[in-house]
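Structure at a glance
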Amino acid sequence: MLRASQLSKTYGTGNEATRALREVGLTLGKGEMAAVTGPSGCGKSTLLHVLGGLEPADGGEIWIGDEAVHRRREKELAALRLKRMGFVFQAYHLVPVLSAEENVQLPLLAAGMTRREAERKALEALELVGLAGKRRSRPSALSGGQSQRVAIARAVAGKPDILFADEPTGALDSEAADQVMGLLELMNRQYGMTLLLVTHDDRLAQRLPRQIRMFNGRIVEDREGATC
Ligand code: ADP
Ligand code: ADP
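Attention in this report is confined to the structure presented alongside it. (Residues numbered from 1 in each chain as written. Chains lettered and ligands numbered in written order. Predicted model: local features only at pLDDT ≥ 70, side-chain atom pairs only at ≥ 80, totals over all residues. Heavy atoms only, no water.)

Along the protein chain, the regular secondary structure elements total seven helices and ten strands. For 228 residues, the compact-globule formula gives about 17 Å, and the C-alpha radius of gyration of the protein chain, at 17 Å, lands near that figure. For the protein chain, the C-alpha atoms occupy an extent of roughly 50 × 40 × 35 Å along the three principal directions. Classification of the 228 residues of the protein chain by burial places 48% in the buried group. Considering only intrachain contacts with a sequence separation of at least 6, the fraction spanning at least 24 residues in the protein chain is 67%. Total accessible area on the protein chain stands at roughly 10900 Å², and carbon and sulfur atoms take up 47% of it. The averaged location of the 28 negative side-chain charges in the protein chain is 4 Å from the averaged location of its 31 positive side-chain charges. (Helix = DSSP H or I, 4+ residues; strand = E, 2+ residues; numbered from the N terminus. Rg over C-alpha atoms; globule rule 2.2 N^0.38 Å. Buried < 20%, exposed > 50% of the residue type's maximum accessible area, 1.4 Å probe, protein only. Contact = heavy atoms within 4.5 Å. Areas by Shrake-Rupley, 256 points an atom, 1.4 Å probe, with all protein chains shown as cover. Lys, Arg positive; Asp, Glu negative; His and termini not counted. Charge placed at Lys NZ, Arg CZ, Asp CG, Glu CD.)

So, on to the packing of aromatic side chains. Within the structure shown, the criterion is met by two aromatic pairs. For the pair F87 and F89, a centre-to-centre distance of 6.1 Å together with 5° between the ring planes defines the contact as stacked. Assessed through its relative accessible area of 22%, F89 is described here as partly exposed. Seen from their ring centres, F87 and F164 are 5.3 Å apart, and the 20° between their planes marks the pair as stacked. (Phe/Tyr/Trp six-rings, centres within 6.5 Å; stacked < 30°, edge-to-face > 60°.)

Turning to the environment of M1, a few remarks are in order. When you line up the elements, M1 lands in the segment before β1 (2-11). A relative accessible area of 24% means that M1 is categorised as partly exposed. For the pair M1 and T194, spaced 193 residues apart in the sequence, the C-alpha separation amounts to 8.0 Å. Apart from the residues within four sequence positions on either side, M1 is in contact with L28, G29, K30, W63, I64, G65, D161, I162 and T194.

All right, on to the pairing of strand β3 (residues 33-37) then. Burial within β3 is extensive, with five of its five residues counted as buried. Going residue by residue along β3, you find M33, A35 and T37 tucked away on one face and A34 and V36 tucked away on the opposite face as well. Note: β3 against strand β8 (residues 194-198), four bridges, orientation parallel. Among the inter-strand pairings, M33 is bridged to a residue of β8, identified as L195. Two elements, β3 and strand β9 (residues 210-215), share four bridges in a ladder whose sense is parallel. Across the sheet, residue V36 finds its bridge partner in β9, namely I212. (Pairing = 2+ DSSP bridges.)

Here we take up the site of ligand 1. Near ligand 1 the following residues occur: Y11, T18, A20, P39, S40, G41, C42, G43, K44, S45 and T46. Backbone polar atom of G41 to an oxygen atom of ligand 1: 2.7 Å apart, as the coordinates give it. Protein contacts shield 57% of the accessible area of ligand 1, which totals 560 Å² for the unbound molecule. Listing elements by their share of the shell around ligand 1, those giving two or more residues are β2 (18-28) and α1 (44-51). The leading source of residues in the shell around ligand 1 is α1, at three residues. Of the residues contributing to the shell around ligand 1, the split by class is four nonpolar, six polar and one charged. (Near = heavy atom within 4 Å. Polar contact = N/O pair within 3.5 Å; in protein donor to acceptor, adjacent residues only side chain to side chain. Nonpolar A, V, L, I, M, F, W, Y, C, P; charged D, E, K, R; others polar.)

So, in structure tokens, the structure goes:
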């Protein structure tokens, strides 16, 4: 499903240079769920951004299925992201002037869906995250947990092959965090969606079948952990 090799990324130059990724390689099978863990600044977010084509790598290859992410230009990347990838971040990044359902429809319309189909798919996704009743609410009327559930609905409404989640529970209390984790796992079970979760929280990482630990720009441990 996802194959990356020899990924490197340096921010800045000279004395100011930070090597955020040092020849990182990673393979994720279809429907696999893995957590990327490690201390702050070790390169977790950079890895996720590079794999998702949000930031270019300096070197290396990334394949999503038979698509070469590393060879694509920005415009083609945007289309590839809309078609095959979903993203969830710590900050929900909902558009404040739009309702929950309009937020979920946005990427579907951008991907070329008809308005009617986008409305149907958005409602379906909001039902899945348990928020159909809030579909007309603006983000300001939603709690943090509800906002993140809308963001998850937006990320999965187009049925992407792979979901990238960067500290999705970082701003939530533990009850809302558990709910969000439960939803990510549900998306995996229901649709076979591959999940790559970045978290500094080992407890959350242990919920997933595979843990990839980073340190100083490298993967230092990759193991199939105990699931619960
Ligand atoms: P993590 O997600 O594990 O906290 P990051 O991938 O955010 O780590 O960062 C890895 C390293 O790269 C850190 O030293 C960070 O300060 C640096 N870094 C990340 N993004 C940038 C950027 N846009 N410009 C300069 N340095 C950056
Ligand atoms: P995260 O917890 O997702 O890693 P951060 O707060 O570390 O988020 O980074 C937020 C944004 O700031 C990211 O786009 C990242 O690339 C950028 N960034 C992180 N570290 C640095 C840095 N040292 N210099 C400049 N930009 C940075």
